[in-house]
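Below are the chains, spelled out letter by letter.
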Amino acid sequence: NRGTSSELSFTTIAGTADTTDPVISAITTSEATTTGVKVKWTTDEIANSKVYYSATNPVDTNTALSIAKTDFETAHEIILTGLTGNTTYYYVVESKDPANNSTTGDQGSFTTLTPDTTAPVISLVASSEITQTGAKITWTTDEDSNSKVFYSTVNPVDLNTSLSTNSATLVTDHSIVLSSLTANTVYYYVVQSVDDSTNSSNGTQASFITLP
């Protein structure tokens, strides 16, 4: 059994299209390195994120490199990578809301850090705690770097073929313990340190003799 009501009606509310561009503010750069930087800004409504950047002033958004995020948010953060050290870059941020209204911020600039090309300075190389089968090698560097000791019974030490012991920890006070040595034997050694920019330095060859 089916019943049908009389005809009724309703009217939808008049829609208002969003034609207002996002307002960009608080544009900053931080955490600059030799190859990258972080760019941050805010918008007054949710919008996506894009940064155009170039070493040419002014930035041409038609040809400049860019990095974008599609997430809609009001706090924006883009990390630029693969940059050249000791270089001034110019950049423009852009945000587009879900209604496709787009706006760009004022052009800004930043300078990447100068690459570290200086090798660690090695000093105070010494051997101690010598036994029949081992020895401790210590030295210092003027900057944080790793530790490696090349050692051999052949004089001079050939760094390509000699035995070695290393530590990847970056420190300024270095200590490497050599083990499984032969008693009553002269060993020649060279210490090496490499900093986090891959600058490498070798110490002067030295020697010690294991106990009988």
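Procedures and definitions
Residues numbered from 1 in each chain as written. Predicted model: local features only at pLDDT ≥ 70, side-chain atom pairs only at ≥ 80, totals over all residues. Heavy atoms only, no water. Pairing = 2+ DSSP bridges. Helix = DSSP H or I, 4+ residues; strand = E, 2+ residues; numbered from the N terminus. Phe/Tyr/Trp six-rings, centres within 6.5 Å; stacked < 30°, edge-to-face > 60°. Buried < 20%, exposed > 50% of the residue type's maximum accessible area, 1.4 Å probe, protein only. Polar contact = N/O pair within 3.5 Å; in protein donor to acceptor, adjacent residues only side chain to side chain. Contact = heavy atoms within 4.5 Å. Salt bridge = Lys/Arg side-chain N within 4 Å of Asp/Glu carboxyl O.

## Topic: the pairing of strand 8 (residues 135-152)
And then number 1: Note that strand 7 (residues 122-128) and strand 8 share 5 bridges and pair antiparallel. Bridged to Ala126 within strand 8 is Thr138.
And then number 2: The loop that links strand 7 with its antiparallel partner strand 8 comprises 6 residues; one of these, Glu129, has a positive phi angle of about 50 degrees.
And then number 3: In this structure, strand 8 lies alongside strand 9 (residues 163-178), joined through 12 bridges in antiparallel fashion. Across the sheet, Thr138 pairs through a bridge with Ser175, a residue of strand 9.
And then number 4: Note that strand 8 and strand 10 (residues 186-194) share 5 bridges and pair antiparallel. Among the inter-strand pairings, Ser152 is bridged to a residue of strand 10, identified as Tyr188.

## Some points on the packing of aromatic side chains
And then number 1: With the rule as written, the count across this model stands at 5 aromatic pairs.
And then number 2: Ring centres of Tyr91 and Phe110 lie 5.9 Å apart, and the angle between their planes is 45 degrees; on these two criteria the pair is classed as tilted. Taken together, the residues span a long stretch of sequence, with Tyr91 in strand 4 (residues 88-96) and Phe110 in strand 6 (residues 108-111) at a distance of 19 residues.
And then number 3: A relative accessible area of 4% means that Tyr91 is categorised as buried.

## As for the side chain of Asn48
And then number 1: Residue placement: Asn48 occurs in strand 2 (residues 37-54).
And then number 2: A distance of 2.9 Å separates a polar atom in the side chain of Asn48 from the backbone nitrogen of Lys96.
And then number 3: Ignoring anything within four residues of it in the chain, the contact list for Asn48 reads Lys69, Thr70, Asp71, Phe72, His76, Glu94, Ser95 and Lys96.

## A short note on the pairing of strand 2
If a strand is regular, its side chains alternate between the two faces of the sheet.
And then number 1: Relative to strand 2, strand 1 (residues 24-30) is paired through 5 bridges, and the arrangement is antiparallel. Pairing of Thr28 across the sheet is with Lys40, part of strand 2.
And then number 2: Hairpin connection, strand 1 to strand 2: the antiparallel pair is bridged by 6 residues, and Glu31 has positive phi, about 55 degrees.
And then number 3: Looking at chain direction, strand 2 and strand 3 (residues 65-80) are connected through 12 bridges and run antiparallel. What sits directly across from Tyr53, in strand 3, is Leu65.

## Observations regarding the pattern of salt bridges
And then number 1: Within this structure, the stated rule accounts for 4 salt bridges.
And then number 2: A salt bridge links Glu77 to Lys38; the nearest nitrogen and oxygen atoms lie 3.8 Å apart. Of the two residues, Glu77 sits in strand 3 while Lys38 sits in strand 2, which places them 39 residues apart along the sequence.
And then number 3: With a relative accessible area of 14%, Lys38 lands in the buried category.
And then number 4: The residue Lys69 makes a salt bridge to Glu73 at a minimum N-O spacing of 3.4 Å.
And then number 5: A residue is classified by how much of its surface remains accessible, and Lys69, at 30% relative accessible area, is partly exposed.

## Focus on the environment of Tyr52
And then number 1: On the secondary structure map, Tyr52 appears in strand 2.
And then number 2: Here Tyr52 falls in the buried class, since its relative accessible area comes to 9%.
And then number 3: Separated by 40 residues in the primary sequence, Tyr52 and Thr12 place their C-alpha atoms 42 Å from one another.
And then number 4: Not counting residues within four places of it along the chain, the set of residues in contact with Tyr52 comprises Val59, Thr61, Ala64, Leu65, Ser66, Tyr90, Tyr91, Val92 and Glu94.
And then number 5: There is a polar contact of 3.4 Å between the side chain of Tyr52 and the side chain of Lys50.

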